[in-house]
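The chain contents come next:
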Amino acid sequence: MRTITFYSYKGGVGRSLLVANTARYLSILEKSVVALDFDLEAPGLHYKFALGSDGTSKCEPCPGVVDLLTEFIDTGSFPESLNPYAAAIPVVNTAGSIRVMRAGTAPQGDYWRKLSRIDWTDLFYGSEPIGTQFFLELRERIRQEFNPDFCLIDARTGITDMGGIATTVLPDIVVCLALDSLEHLEGLRAMMNGVRQTAATEGLNVALVPIISRVRARRDQATERLALEKARAYLDAPIRPGSPPLGLAELVSLHSEPLLDFEEQVLVGGKRSPHEHALLRDYLKLFSKIIPAEDVRPHVGQLIQKAVSRLLDDPDGAQSDLEILTTYCADEEAYRALLKLYQVRKAPLEKIIATAAMMWQLRASGSGPEPLIVDIVRSAYSEPRVTEVQKQYVEFAEEIWRSSGMEDARLGMTIAGLYGLERRDRSTRLLMDYIERAEIPHPSIIVTLVDLLRSARNLTAAMSIIDRFKAVVDIPSFHTAWVKSVLDLNDVSKAREILQDTSFRAAAVKADDPPAYVKLMKLAGSESFLPSLFEAIETAASTGEVSKLQELAEIAQDERLEDEFDMHLRGRVPERYQDEIRRSLQKRSRRIRPLRPFSE
């Protein structure tokens, strides 16, 4: 029997509902479960199991923990059978079994009278302390009489003697819930340190699984990860000078679920899928951490084989079986089988990428890349046009790209582009990390990074990247980005330096972006400015690039060379384009004051 205690320093974190969902999950895996309600001052676990379609309880009052304890205090013994104290709960398809031992007959008055009789100090510290003995015997009686695979304990809040028994002496694992607030975290840290110290003193092995509950969903998952890391660091910090840290590798998050604000529900085993509800996805991720794989795999393996055997005769039925399996089962093999079936059957991209993202969430922290998921992401983000699915799962795609070594430069470029200017900082950080990691960074990513830094007016960083790679990057767009960075700086000395730099390819910029090259010559005060302007006009006119002609026309206007500009265009550019450029210049001349021409 594996015992898992669910604890929170304060209430309102969804602890009892999590116990009910865990029990339901285990029963679906054909496991037998006994759940104990140790929250004696505010009992309510039985309500979670009895939630009906109308959200009300159908439980009849029955004796429970308080009745057993008061009888033990009076007689020194347990009743002959625990059956009257442990109500059986209906389970899905009668797979496993669930028994719930309530706190007692609350809210009846007799319950509160019995509870008030218990002297907790005397029970644990009196001349004949029997508190610890009672709970150890209760655990053993449950083991002998019901022989469950799992015992789940819904513990009291706060720091109490009974809570100490539930979190140190009885469990193999303590699931520790808190909100992301100082009062929750401070209390939880004290409790976890107490558990660790007591377990070390008594030679017990109790695993701690900290959870931040009711996390608000954010568009930027990086912000959420930073908040979780901050909370983890606080919980892990020594509680006093000289004491060791807890060594917490990560925190699990349980997101807020708007659906539960209106009606409490046990999500596991229901009709809703993990793709629909973040909280259900979180539950499954948590289950993968607290329930051993050996308890899951046999059940999952049989169902996968059964579904695959139907594939040729009933592919829709096989797919449906695997989809149902993944709605309640936190096992990678189930997701892997479903993803492979989706690929063979060419399922919609959204369905494939959503399932891959869910499988990725269930993987152990720090585990290496999953080839199947990497291939799916590469395929999904190779689409030539941007899709809503790509935008929706872009942060997942980034995680996969990072986990696979950031080797696919094209995928990185696509991800950075999907973040767009509104999330420019995220794109910049992503490409900076790539450049630091790559032995030979892809030239296009370097150019994209420079352009992002320019758009953020971080010109110092842009020039630093240029100086670092100017000797090895030879594509025209790099040299154009170099020129534009200098123009953004509006620095005459930098303009002259670039023209003298042996790494600079002037011809490449002339061909790639003639207006940029002309502006550089003007900024540098070069005698070749006007010849380069006329040469650029000739080139743009011959190729019919109207946007570049527009830029060159503005330069010519600043130099009061509109007539010369018209002369170069005459007979070479369609009249409608010339008229469009003239109208644009007329509007511009009314908006800006005359500039002193270069020739003066």
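Preceding this section is the structure that the text describes.
Residues numbered from 1 in each chain as written. Predicted model: local features only at pLDDT ≥ 70, side-chain atom pairs only at ≥ 80, totals over all residues. Heavy atoms only, no water.

A. Broad picture of the overall build of the chain. Within the chain, the secondary structure is distributed over 30 helices and eight strands. In terms of its C-alpha atoms, the chain occupies a principal-axis envelope of roughly 110 × 65 × 45 Å. Counting only residues that meet the buried cut, the chain has 50% of its 600 residues in that class. As displayed, the chain has an accessible area near 28,500 Å², and 49% of this comes from carbon and sulfur atoms. (Helix = DSSP H or I, 4+ residues; strand = E, 2+ residues; numbered from the N terminus. Buried < 20%, exposed > 50% of the residue type's maximum accessible area, 1.4 Å probe, protein only. Areas by Shrake-Rupley, 256 points an atom, 1.4 Å probe, with all protein chains shown as cover.)

B. Spatial organisation of the nonpolar core. Ranked by size, the top nonpolar core spans 138 residues in total, and within it L18, L152, I290, Y381 and F396 carry the most contacts. Per-element accounting of this core gives the leading share, nine residues, to helix α15 (residues 349–362). Contact partners of F396, with chain neighbours within four places excluded, come to I353, A356, A357, W360, I373 and V377. In terms of nonpolar packing, the next biggest core, distinct from the first, is built from 54 residues, A103, L115, V206 and V215 among them. (Core = buried A, V, L, I, M, F, W, Y, C linked by side-chain atoms within 4.5 Å. Contact = heavy atoms within 4.5 Å.)

C. Spotlight on the packing of helix α21 (residues 443–455) against helix α22 (residues 459–469). Direction vectors running N to C along α21 and α22 enclose 160 degrees, while the axes themselves pass 8 Å from each other. Considered as vectors, α21 and α22 are oriented roughly antiparallel to each other. Helix-helix and strand crossings are classified by hand; for α21 and α22 the assignment is left-handed. Facing α21, whose interface residues are I446, L449, V450, L453 and R454, α22 presents L459, A461, A462, I465, I466 and F469. Considered class by class, the residues forming the contact of α21 with α22 number 10 nonpolar, no polar and one charged. (Axes fitted to C-alpha atoms, helices over the stretch in contact; angles between N-to-C directions. Parallel < 35°, antiparallel > 145°, perpendicular 65-115°, else oblique. Left-handed = near helix turned anticlockwise from the far one by under 90°. Nonpolar A, V, L, I, M, F, W, Y, C, P; charged D, E, K, R; others polar.)

D. Representation of the side chain of D67 within the structure. Tracing the backbone shows D67 in helix α3 (residues 65–75). We classify D67 as buried; its relative accessible area is 9%. For D67, the contacting residues outside a window of four places in its chain are Y85, G104, T105 and K114.

E. How the structure looks around the packing of α3 against helix α6 (residues 131–146). Contact geometry of α3 with α6 gives a least axis separation of 11 Å together with a crossing angle of 125 degrees. Between α3 and α6, the crossing angle belongs to the class labelled oblique. Here α3 runs over α6; the crossing is right-handed. Residues V65, L68, L69 and F72 of α3 form the contact with α6, whose own contacting residues are Q133, F134, E137 and L138. Here the contact of α3 with α6 is built from residues that sort into six nonpolar, one polar and one charged.

F. Examining the pairing of strand β6 (residues 173–178) more closely. With six of six residues buried, β6 is to be regarded as a mostly interior element. In β6, alternate side chains face the same way, and those of I173, V175 and L177 on one face and V174, C176 and A178 on the other are all buried. Both strand β1 (residues 2–8) and β6 contribute to a ladder of five bridges, which runs parallel. Pairing of Y7 across the sheet is with C176, part of β6. Remark: the β6/helix α8 (residues 182–202)/strand β7 (residues 207–215) crossover connection has right-handed handedness. (Pairing = 2+ DSSP bridges. Right-handed = clockwise from strand over helix to strand, strands pointing away.)

G. Structural detail: the sheet that holds β7. Judged by pairing direction, the sheet is mixed, and its eight strands sit side by side in the order β3-β4-β2-β5-β1-β6-β7-β8 without closing on themselves. A single partner strand is all that each edge strand has here, and the edge strands are β3 (87–89) and β8 (252–255). In this sheet, adjacent strand axes meet at a mean angle of 25 degrees when their direction is disregarded. Along the sheet, α6 contacts β1, β2 (32–37) and β4 (97–101); its crossing angle with β2, the most-contacted strand, is approximately 150 degrees. Here helix α9 (residues 221–236) sits on the sheet in contact with β7 and β8, set at roughly 140 degrees to β7.

H. Quick look at the state of the cysteines. Per the stated rule, a full pass over the model turns up zero disulfides. Not engaged in a disulfide, the cysteine C176 finds its nearest cysteine sulfur in C151; these two sulfurs lie 17 Å apart. C176 gets classed as buried once you look at its relative accessible area, which sits at 0%. (Disulfide = S-S within 2.5 Å.)

I. Main features of the pattern of salt bridges. For the structure on display, the rule yields 41 salt bridges. Put simply, E145 and R141 hold a salt bridge, and the shortest N to O gap is 3.4 Å. Taken together, the positions of E145 and R141, both in helix α6 and four residues apart, correspond to about one turn of that helix. Look at E145 and you get partly exposed, because its relative accessible area is 29%. (Salt bridge = Lys/Arg side-chain N within 4 Å of Asp/Glu carboxyl O.)

J. Geometry of unusual backbone geometry. Cis geometry is adopted by the peptide bond preceding P107, which originates at A106 and carries an omega value of 15 degrees. Mapped onto the elements, P107 comes out in the loop between β4 and α4 (109–117). Look at R560: it is not a glycine, yet its phi comes out positive at around 60 degrees. Within the element layout of this structure, R560 appears in the loop between α28 (546–558) and α29 (562–569).

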